Each structure stands twice: as structure tokens, then as C-alpha cells.
Amino acid sequence: MLKFITKIAVVLSLFVFSSVSKAADPIRIPVLNWSSQIVMANVMAQVFEEMGHTAELVPAESASRYEAVRIGDLHVAHETWESTMALPFYAAMDKGGLIDAGSHNLITFEEMGVPNWVIDEGLCPGLPNWEALKSPECAANFATADSDGKGRWLEGPYEWHTDVMPNRLKGLGIDDLWTVKFAGSADALWAELKAAKAEGRGTVIFNWSPNFTDAAGFTFIDFPPYFEGCRLENGGTLETTGCGSPKGWLKKAAHIKFPITHPDAYKFYTKMSFTAPQIGLMADLVDSQGMDHAAAATEFIAQNRDLIDLWKN
Amino acid sequence: MSQSLDSSKDTPVIKCESVFKIFGNNALKLLKSSNGQVDAKTFQEAGCIVGVNNASFGVQKGEMMVVMGLSGSGKSTLLRCISKLTDATSGKIFIDGEDLLSMSNKQLIELRRNKMGMVFQSFALLPHKTVIENIAFPLQIKGTSTLDSMEKALEMVELVGLKGRENYFPRELSGGQQQRVGIARSLAVEPDIWFLDEPFSALDPLIRKEMQDEFLRLQGVLNKTIMFVTHDFDEALRLADRIAIMKDGIIEQLDTPDNIVLNPATEYVKKFTEDVPREKILKIESIMDAYDSNNSSSTQVSKDAIIETLAESILNSKEILTVVDKNNEIVGSLNPAKVIKVIFGK
Amino acid sequence: MLINFKNSRLQQFILLFFVFLLLYFLVPEDENSFLWRLPPLLKDIPLLINNLLDNLMFKWLTVPVWDPDWQMYEDKPIFRLITRSIADFLLFLIIFIREIFLGGLQTIGSITGDSLKGFKWVYLPAIPWTAVVVGLFILGYRLQGLGLALIASIGFFYVSIFGQWEPTMETLSLVLVTAPICFVLGLSFGILGYLNKKVETTLQPILNIAQTMPHFSYLVPILVLFGIGDHAGAVATIIFATPPMIRLTILGLKKISPEVVESGLMSGCNRFQLLFRVLIPTARRDILIGVNQVIMQCLAMTTIAAFIGAKGLGFNLKVALNGLKIGKAAEIGICVVVIAVVLDKLSLAWANKQKDYFANLNFYKKNIAFIYFIILSIILGVIAYISAFYFEKGFNYLYLIPFGEGLTIAPILDAGVDWIWETFFYYLNIFNKFLITYVLFVMRDAYLGMPVVSTFVLVMGAGFIIGGVRSCIIVGALILFIALSEYWNRALITAYMATFAVGVSAILGITVGSICARNDISTKFILGICDFFQTFPSFIYLIPVILLFGITDTSVMIAAIAYASVPATRYTVEGLRSVPSSLHDAASMSGVSNFQRWKSIELPLAFPHIMLGINQTLIFALMMIVLGALIGTEDLGQIIMGCLSRPNGAGIGLTLGIFVSFICLAADNLIRTWADERKKLLGID
Ligand SMILES: Nc1ncnc2c1ncn2[C@@H]1O[C@H](COP(=O)(O)OP(=O)(O)OP(=O)(O)O)[C@@H](O)[C@H]1O
Ligand SMILES: [Mg+2]
């Protein structure tokens, strides 16, 4: 038996050291499960290959990828949304290993809102002003089976903003009319959008822009303006915590060694800065025009050749 | 068969010296403290089960020893000890004069590959192998080439009358057929020592008789050293050179069939043999008197004849008969009255 | 009366339930009372585990490793170096196989050094898909016959013409590496467990936990230890898919009668021969079931593996679901099933193949199938090469049909889902409201309103009645661990969902199983369906159920029931089918009706086996409930999922994963003890 085990061990170790991944050392770019992110990853990969590097697209999960960037298994995380990913992003940065490689050239907005048809149908007259939510008739139009007669806000997963939305309801004094339900994933949000529309039921959901929903028409609710420290968890009071969301950034994260191992690629990466319409185009090429992600990236590069070349040098 | 016994009085092929097999955790300790005086009951109270209790005997080359006893009396265990499938708790076992218990693993494997064969009570065929693969298995383990071993196995298949079924799986065979595969397998390596644990018990009477005949014929040719376990006294009598009767692990008596029947050593053996029709087993030899030339008729009977076969003519003759041996030499005389006593008196 | 009580379980249970209710209503809701809720004494455990993990992954036993990028030594923990070399090994194998199917030269390049890397023109082309399909046909034919040949080749033909070739081959390469590893590991540990009682007893709880722990709870540790990528996916798969193999190996080996072992010994086997030529082949029935399970589990993991970097079908599935493309997702799911079915059938046929010893074949005849394959491959390769000039747009359909360029039935499937929605939504909505208001929320509140002391009385009491003091203590200890944490309320919600899902799945499964076990054809049919749904990625259910039932507990329940009914059905069918036919005959002779026979003869006899199915049902249900966190729940699963993004999430994730697994283990202990006893009583193995 022992002989057998040692034999296996020897064979194993022989193979183990013929390691393959390090030899090629490609730039590893995470791909998540939404179109614009995947197309952007493909754009980067194609540009990096133009520059003479090899690039590898690695399927990943949006939150846990920062840990992978931090320890160097991924080189970049190119779409980092402030409100949903800031937490793991900064956590990884604090632990060391992850650096901030700048932001994209756009302002993201993430807020509760309603699809346009909800306004058109007059399910809650007065929207997008939040005061409209004070009406019980309005709230009733947004009730679901499990909301106990209250109107339902569908918030993203709890970790995204923890208790911000429940607190906001309290701050606005409408928590007797509305309740917050946390969806489990972005997929669930989109499914809810589709289901509510098919059903003709009102829905208030958390959403962001730029996003594919921009095309279908989505209106964010105007809440009292955000200011530093208005939220309960940042030292605000019950009076101020009804404030809306701040405008946010879309950051690029990189592994700390990326600038050293691939200096030119890193330079491109820091310069690379997409605008909302560009990101919209990336999503559109796939979602509306039915292109394959790689083909969409090629098409995108072709359309924006000048810009890309500018960033490359 | 008994001639060969006489002719080879040298070292026995199998030799046991006070072999004990006791199941249980602290068997050895108990055994040591008991000084060789093992009592099944007291051991049982201590949580041990006595399998074999102080067995000492030898089996000569070419001899067939039959082991009998009630269920649970330790027959299989005795065989297992001698084939070293279990380690005897204490005692010595010699195979061809070599100490079995001090053999290295390698030697033991060699011994089993070349010298020993065993037929198991519950067939113990390998379910994933076909008949022919099962039979060829010991050969392949030995390292015989595939083709050779298959040819040999095919021979064995024919020998046990399973031709045409060589590609069946054990589950597709009846119990008797499976047992025949087991027999063929144990014979494939042409062992010198052959252990058979109730090999015919699964067979129907007709086949059993046939197999017994076949077995005797084989033995006549192959002259193996055999230990044979059975529950069937008739079978034992047909086959045995000597019979061992076991009870609670103890060999109560080990003797020739005649002696076991005529002179049971213990009450147990007596009970065991009580219902056995003596005329069926006893030979003329065992009841003849010394030759008395005055008083004997010219009618001759062979000393090796079974009484039953001659009973009618003996009883009809009314006079004292002359007993002769194979070479027609006179060895004794027979009084018909004695025959009557054997058959009717008890 | 008292004597009767000692023997009547029913009376004991009634008394237990009575005490439970008494406590339930007597103990007041008071956060400070230990009778109501235990203090979170163990709340530091997640932190402890986290520190432990952190040390293991980043700090323990570091060795300086030269870092050429920084130009300095960097301290790397040995543990991670080891895991990383295992990862590299796995990756090497995966990419090697992938390159056969999809082309490339990376692995060979890495062995020979980097010299090949610079030459872009040195590129190993893939085997054209046509050749793979033909190869599968030949293989299938050779191993079993025309039937298998058709199944294998048509399956992969489907994959190709639906444009899923590339992701399928990526997934296949992962499975072709992980499944054999699971097999070897499972077999080795199974053998060790069989040979050594101590190994077995230590293995048991580890296996239980590995099989019942939600995948998401160990994704981050795997990600850190093995690095993100196909290899990490492989590791997660191996962790999940090996336990059944180990279990079945031990089971199979233990069943071997000692005489068979002895007959092997008497044939002169040495230890290896005994192991590999007697023991393992004799246990092959169970070992083959193990292989089947390994393949199923490996493919069930495709989607999860995509969370930590595995390429292939799982990733595409996630993308499709994000875009709510249910039809597309279903197409992808079918590809997963195709791989599972083909691999399963081929491996089984290979294992069952009989040798012909007397056919005296020369080299040519022996390898005729392989030679045909090579010749055909070359021909097809040439055709593929020529056809490259023929097809426009740069796609060479005879070499590789690119993703998204194949046929699709997605619109039809989507229309089907829409049709269901339009036709049934109104009724479903009423049903949904009713279920939530009158069943689910009532149940949830009842669970949450349960004083901790009454929970313990119920659970430990059941343990005592079923398995005596031992079970009572084991079950109590498992639950106590959860009760002393901060997550008791969430665990109660998980428990409520599990109870509901298992209850409905069991009723569903036993009913369907009983009906289908009536005759051979329907039995075969239903077992095929079970195989299908066991490998069909369960993620796909998540979106349609949201569309139908919204983001509610109902959705989670429906998804869980859809998934968990599979083992309940399977075990019911198997259990009923194994009732000896002599009993059927005896019953028929005494003139009972079909229903009576089912109720009073078959069901009781099959019940122990069915209970083991319920055990599996619970595991499946919990897995789906945790996954239900993707829909939106407030139970343990929500936190486990959330831990992926928490700074110190690994510890909490693992702890809660262990909680879920403890719930399983507690139920497992009760069910198994009871089933074993029943089996012994009924004299069935
Ligand atoms: N492995 C074992 N462990 C404990 N006890 C055993 C073991 N094997 C046999 N025994 C006991 O040893 C005794 C003798 O058993 P053995 O199998 O030798 O009987 P047997 O004479 O062959 O009976 P049968 O005619 O039924 O085959 C029995 O009491 C049995 O219970
Ligand atoms: Mg026996």
C-alpha cells in the first residue's frame, strides 16, 4: 500500500511542477454575467493582444473577484460600481494588494425607481417626486402577496447597502405604507421588472444607470438631496436619513503588481475611460443586435478606433 | 485407497499439533491461563467462542479424511486454520513438514498458488466473472498466460460437465452448477492438497451420486491429499479413509469408518452413528474370525466386500464361509450368525 | 398501560408532541430568558474560523519566494504553495484535454519551455466536431452496440448544431479531469475506510459535511487557496462529487461475503491482486453506482464552478439567465444533461464489456475501431480544411460551429414560458397569495415563535425515541451549536422552508413514484426523468419561478420542490421495485386490490429505502433553499451568499455553511437510525 501511495505521489509531483499557468502569464480579466461588462472585458482583451500580450477571460463573481485581484489571480476588475461593490473593493484595498486605477468617464446613478409605464399608467400620480409615495392609494398599487398590504420596494441584495432603504422609509415617515424586500441578485431584479410589467402591477425597484433598462425607459424617484453624513450609519439622524443616493463612480481596480508586470497594458488601463453611451453601446450590440460578446467587442473597437489608439499611447 | 495409506508411513502431508482456534478479543490470554484445558462453556461466559479445541492429527499423502459434526462444531474453522485463512490461536500446523505458522507471506502465497485448492461451502464465486473466467482465475493469479489458462479452464469446464455454459455468469447458474464451478476452480491449479467444505451439499441426489463417483474416480487417478467436510454420513462412508467426528471444536474420534461405527469412542459418536445401517458400511473383514480350516465351507467371499452386497447369499448359505483377500489367499472365516447380528441386533 | 407505552412509539411521540406544545405555549417570548432563546455564546466562532483560515491562507509557515517582478523575496505560506501546485496540475490536465477538442498549444508549449509561444503560426488545430461525433458513434458501437452509438453521437450532434460546441467542450474537459479524479480519490478513500475502521469513522462526518455544506460557503476559501479559474472550479467539484463515491465504495466492499475474500486468498492472491482483482470487481455494482453519481454530481456543479472561474456551459448559463433568456438557458442546460447521459452510458458500457478470450486477433483486427476512427478523422479533417474556403463569413461549420451561430429553439421555449404565464398567471397569483398568507407565513411565524427549549425537547425527544440516548445527544449537540449562535432565527426560517419543501416533495415524489413503479416502462421513463432533472442545472428554475411567483418565498419553495422531488421519486421507485415478486404474488393470491397491496405490503416494505430518499430530499431541498438566496430570502442562505462580498466573510460563510450541514446531519441521524432499525426488522438489506 505504502509503495503504491509513494508511486502516486511521485507521479503527481512530476506533473505538478510542469506548471502551465505561470509560463504563459496572460493578463487575467474577470467576466461577470452582464453584457456590458463582458464586452468591455473582451475589448480590453483584444486591445491587450494587439499590444502583444496574451489575455485570458476568467468567469468570476462580482463580489468575490476583489479578493482574487488582491492576491493577484486576476489583474483587473474593470467595472466597479460604487453603491454595490464599494464594500468589497475597499476591504480588499485595506488588506493590501489591490489598487485604484481610476474611474470611468461617467457618473453612475443608483436609486430606487419605477419603469416608465408605471408613471404612464398613473399607478402613482406625482412620481417621480417622492412625496407621491405618501399616498396610501399609491402604496396599495405596489403591494404584493407577501407585503402585508403595504407597497413593496424591491431593493438589491442586502449586502449592497445593508439598511439604507429601510432607514430611508423611516426617515421619510412612510414606513407604515411601504416595506423593503431584498432581492437575492440582479437577475431577480430584472425578472421582477418583467413579471410586474406582464402583470400590470406597480413596482418600485432598485436600479442603476447606465444600464440596459435605460433603453426601455426607467425613471428614478427624486428623493431629498443627498449630502455627506445624511445617512444614519454615517452619523445622520432620523430626520436626514430619508436622503436619496449620491451620484457615484464607476471605478477600475487593478492588482498591485499589474503596473510592474505589464506596464504598457496598465497605462492603457488607467487611461481607458468609457462614457455612459459607450457602455450602453456595448450592451446594445449583444442584447439588441444579437452579437456574440467577442464579435461585439471587435465591432466596438472598430467604431471607436481613434479613442482606443489614443489610450494605447 | 487404504493401501496407499499403508505404503507411505513417512511424514504426513498435513500435521496438526494441539491446534486451538478461539474467537474473541482476549482469546490468547484466556487460553494461556486455562492451561490447554478449554471448556466451551466457561469460554463462552468470558465472551469467547471456541472454534477448534485441541486438534492433533495427521493426514497422509493420498489419504482422504472426512470431517463430520453438527452445524457449528468447527469443521469449517478447522479447514480455515489449516489453510491459514484464519490464524490458529495456538498450536502447530505442518504442511509437508514445513511449519505453516512461521511461513512468510510470500511462501504462503506460493503454497496456495501451487499446492492448495479449496471448495467453499457457499461457492464463493466471483460474481463479475464468467464461469470460465472464474475457473481460470487462480491460474491467472499465478501468472499463467491468458490463452493457456483459458484452455486449462475449458478442460475443467468439461470435467465438471458445464460445457456450453462457460460464458455464463454465476448468477445465471443454479446452486449445483455454481458448486461445480467452485470445484473446477479449485482443481485448475492441480493442487496436491484439496480442502472441500461441503462441496456436494447443494446438489440434488442424482447429481450428487454422480459427482461422488466422479470424485472417487478422480481421486483414484490424482491421488491427492484431501480434507472433506460433510454432513452426510453415507457420503462420508463412501469416500473416507478416515473420519473425524467433531463436537464443540473437539475431535471426538478420528478413525476408519468401520471403527467409528463398531467402536464409538464416546457417547456422542455413538449417537452420531446409531442410525447408520451397518451392513451398508462394514466390510466382511471387520466381522470375520480367524480362519478355522475344519469348520469352513469352500464358498469364498472377499474380505473387502461390503456386507450388504453379500447379505442374501451369506444368509442363505447357512454354513461358515471362507474369507479371502485380493490375491485369493485365505485370511479368515465368516459365521453367518454374526452377519445376522450386525444387521438386526444392535 | 405503562408496558404498552414502552413499546409503542406512537404513544411516545404523542406524549412528546404534547410536552412540546405545552412548552410552546407556556414559555413567554422574552429575549432575556434562556428558555426562549439561548445567549449567543458561540458568536465568536465565525471570527475564530476566519482567523484560522486567514492564518492558513496567508500567514502560517511562510517561506520566502523570489519574486522577479518586485525584485525581492516575498513571504508565501507553504499551505497555499501546496494548494497552488495542485491547482496548476489540475489546470494543466484541463487545458490539455481542452486543446484536443478546441485546439491550442499551450500545454505542450509549457513543457518544452516558451519557445513555441512566439510563433503565432504554430497552432494545433482541434479535432473537427464531425470527427468527435463519428468517434463517439464508433466508441458507442464498439462498447455496446447501435443504441449507445446513436445516443452518444446524436447527443453531441445536438450540442454542435445548436452552437454550444465550444462551451460544451470546455465543460467536458473539466469533467473529464474531475470525474476520474473523484473516482480515484473516492475509490482510494473507500478502500482505506474499508480496511481501517478508524479511517472510516473519521471519514463519515467529513463526508456528511462535504456533501451537505452549501457550495457558496466555501467558494472564497477555494478562491484564495487555489486561485480563480478552471482549477478552482475543479476543486469545488471534487469536494462535492467525491463523497458519494467513497460511501458507495465502502458500502460495496462491506457487502462482499468473507468467503469470496477467502476464495481469492486461496487462489494465491497477494494483497494487490486481492484488492484489484477480487474485492473491487466484486463490489462493482455499488462502485458503478458511485461512478454514475460522480458524473451526475460533477455536472450538477457546472454552474457553481462558473462562480469561481470555470469556463463553459455554466458561465453561459449565468449570462443567459441575467438576460432573462430562459429558452437559451434551457438549451444550455440540455447540453449539460447530454454530457452527463453520454458519459454515464459510455462508462457503464465500458465497465460491462465482456472479453472474448479465444478470438485470436491480430493487431489490425484488435484495433480496427481505432484505425477507422483515425482514418475518418483525417478525412473529416481534410473536409473541414477544404470547407473553410467554401463557407462565407469566416465560420467553418464543418470544423466548429461558433457559439450563437447554430440552430436554436429558444424562441419556442420562451413562447412556451410566456404561454404558461398568460394562461395560468391569474390562477397562480391567487394560489400564490393564498399560499403565502395562509400557509407559508403562518408556518414561518410558528417556527419563529418557538421557544428554544421546546425545540430542543422536540428534537432531542425524537432522537431519544428513535435512537436512544446516543441519537438524543448527537442531535442535541448539533442543534445546540446553532442555538448558541446569533443566527438561530435565521436557522429557524431555513428550517421552516426545508420542512415545507421536504413535506411537499415527499408527498409528490412518493405519489409519482408509486404510480410509475407499477410497470417496467413507466419505471424506466421516470428514472430517466430523474436523471435528467438531477443534472439539469437547477439555476434555470430560479428565473421562471420569479416570473410566475414574484420575489417571494413561494418562488423559493417551488424551485426547491422541483429539485428535491427528484430523490424522493427515485428512491420510492427503487424501493417499491425491490419488493420481492413472491410477495406480490402472495398478495394477489389472497385477493387484495392494487391499492391495498400498495398500502399494506409494498409501502411498508419499501419504506426504509424511501426514508433514505427523504434524507436526500432534505439535502437537495436545503441546497436549493440556499440557492434561493439569489431570489431573495431572509434565512441562513442570504448571509452565506452575502459573505462573498463581506470583508471577513469567509469565516461567517463557513460557519453558516456548517450550520446548514448540521441541520442535515441531525435529520440524517434520525432518519438513518430509524431506517436501519426498520430494515433489520424487515430482514432486508
Ligand atoms: N469469524 C468468526 N467469529 C466468531 N465466531 C466464529 C467465526 N467463525 C466461526 N465462528 C464460530 O465458530 C464455531 C464453529 O464454526 P464453523 O463455521 O467452523 O462451523 P461448521 O462446523 O463449519 O458449521 P456448518 O456445518 O454450519 O458449516 C461456530 O460456533 C461459529 O459461531
Ligand atoms: Mg461450515
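Residues numbered from 1 in each chain as written. Chains lettered and ligands numbered in written order. Predicted model: local features only at pLDDT ≥ 70, side-chain atom pairs only at ≥ 80, totals over all residues. Heavy atoms only, no water.

### Brief notes about the pattern of salt bridges
Counted under the stated rule, the structure contains 37 salt bridges over all chains. Here the residues in one salt-bridge network are Asp146, Arg152, Lys181, Glu192, Glu199 and Arg201 of chain A, joined through shared partners. (Salt bridge = Lys/Arg side-chain N within 4 Å of Asp/Glu carboxyl O.)

### Quick word on the interface of chain A and chain C
With 64 residues of chain A at the contact, the number on the chain C side is 65 residues. Of the roughly 5,700 Å² buried where chain A meets chain C, counting both sides, 66% is carbon and sulfur surface. There are two salt bridges connecting chain A and chain C. Residues Arg84 of chain C and Asp73 of chain A are paired through a salt bridge, measuring 2.8 Å at the closest nitrogen-oxygen approach. (Contact = heavy atoms within 4.5 Å. Buried area = accessible area lost by both parts, 1.4 Å probe.)

### Let's talk about the domain arrangement of chain B
All names here are of chain B. Segmentation of chain B into domains returns domain 1 (3-11 + 60-115 + 191-276) and domain 2 (280-344). Summarising the inter-unit geometry, the C-alpha centres of domain 1 and domain 2 are found 31 Å apart. With both chains or domains summed, domain 1 and domain 2 bury close to 510 Å², and 68% of this area falls on carbon and sulfur atoms. The tally of links from domain 1 across to domain 2 stands at zero residue pairs in polar contact (both at pLDDT 80 or more). Take the side of domain 1 that touches domain 2: its biggest share by element is three residues, from helix H11 (residues 257-262). Looking at the side of domain 1 that touches domain 2, its residues break down into four nonpolar, one polar and one charged. (Domains from an automatic or database assignment. Polar contact = N/O pair within 3.5 Å; in protein donor to acceptor, adjacent residues only side chain to side chain. Helix = DSSP H or I, 4+ residues; strand = E, 2+ residues; numbered from the N terminus. Nonpolar A, V, L, I, M, F, W, Y, C, P; charged D, E, K, R; others polar.)

### Topic: the interface of chain B and chain C
Taken together, the contacts link 33 residues of chain B with 19 residues of chain C. Surface buried jointly by chain B and chain C totals about 2,400 Å² across both partners, of which 62% is contributed by carbon and sulfur atoms. On the chain B side of the interface with chain C, the three residues burying the most area are Arg112, His128 and Ile141 of chain B, jointly 21% of the side's total. At the surface where chain B touches chain C, the tally comes to two salt bridges. Where Glu259 of chain C meets Arg80 of chain B, a salt bridge forms, and the shortest distance between an N and an O atom there is 3.2 Å.

### A look at the site of ligand 1
All names here are of chain B. By nearness alone, 13 residues border ligand 1, and Ser71, Gly72, Lys75, Ser76 and Thr77 come closest of all. For ligand 1, an oxygen atom lies 2.8 Å from a polar atom in the backbone of Gly72. Contacts to ligand 1 include Glu198, whose side-chain N or O atom sits 3.2 Å from an oxygen atom. Here ligand 1 has 640 Å² of accessible area as a free molecule, and 63% of this is covered by the chains. A per-class count over the shell around ligand 1 returns three nonpolar, eight polar and two charged. (Near = heavy atom within 4 Å. Areas by Shrake-Rupley, 256 points an atom, 1.4 Å probe, with all protein chains shown as cover.)

### Things to note about the arrangement of the chains
Interchain contacts are distributed over two pairs of chains, and the most extensive set of them lies between chains A and C. Nothing in chain A touches chain B; the tightest C-alpha to C-alpha distance between them is still 15 Å.

### Notes on the coordination of the magnesium ion (ligand 2)
At the metal site, the magnesium ion (ligand 2) is ligated by Ser76 of chain B (OG) and Gln121 of chain B (OE1), and these contacts range over 1.9 to 2.4 Å. Highlighted residues: Ser76 of chain B in helix H4 (residues 75-82) and Gln121 of chain B in the loop between strand S6 (116-119) and helix H6 (131-142), separated in sequence by 45 residues. (Donors = N, O, S within 2.8 Å, 3.2 Å for Na, K, Ca; no water.)

### A few points about the state of the cysteines
When the sulfur atoms of two cysteines share a covalent bond, that bond is a disulfide. Counted under the stated rule, the structure contains two disulfides over all chains. With a sulfur-sulfur separation of 2.0 Å, Cys124 of chain A is cross-linked through a disulfide to Cys138 of chain A. Disulfide Cys124 of chain A-Cys138 of chain A: torsion about the S-S bond near -95°, hence left-handed. Of this pair, Cys124 of chain A sits in the loop between helix H6 (116-120) and helix H7 (136-140) while Cys138 of chain A sits in helix H7, and the two are 14 residues apart along the sequence. Owing to a relative accessible area of 4%, Cys124 of chain A belongs among the buried residues under this scheme. Across the disulfide, Cys230 of chain A is cross-linked to Cys243 of chain A (sulfur-sulfur distance 2.0 Å). With the S-S dihedral at roughly 65°, the linkage between Cys230 of chain A and Cys243 of chain A falls on the right-handed side. Here the residue Cys230 of chain A occupies a position in the loop between strand S9 (218-220) and strand S10 (247-248), and Cys243 of chain A occupies one in the loop between S9 and S10, the gap between them amounting to 13 residues. When its relative accessible area of 0% is taken as the criterion, Cys230 of chain A is described as buried. When its relative accessible area of 1% is taken as the criterion, Cys243 of chain A is described as buried. The cysteine Cys516 of chain C is free of any disulfide, with Cys530 of chain C supplying the nearest cysteine sulfur at 8.6 Å. (Disulfide = S-S within 2.5 Å. Buried < 20%, exposed > 50% of the residue type's maximum accessible area, 1.4 Å probe, protein only.)

### Observations regarding the confidence of the model for chain C
Residue and element names in this part refer to chain C. For chain C, the average pLDDT comes to 84, and 91% of its residues sit at 70 or higher. Here residues 115-121 scores under 50 on pLDDT; set against residues more than four positions off or in separate chains, the count is six contacts. If you check the scores for this complex, the pTM reads 0.85 and the ipTM reads 0.85. (pLDDT = per-residue confidence, 0-100.)

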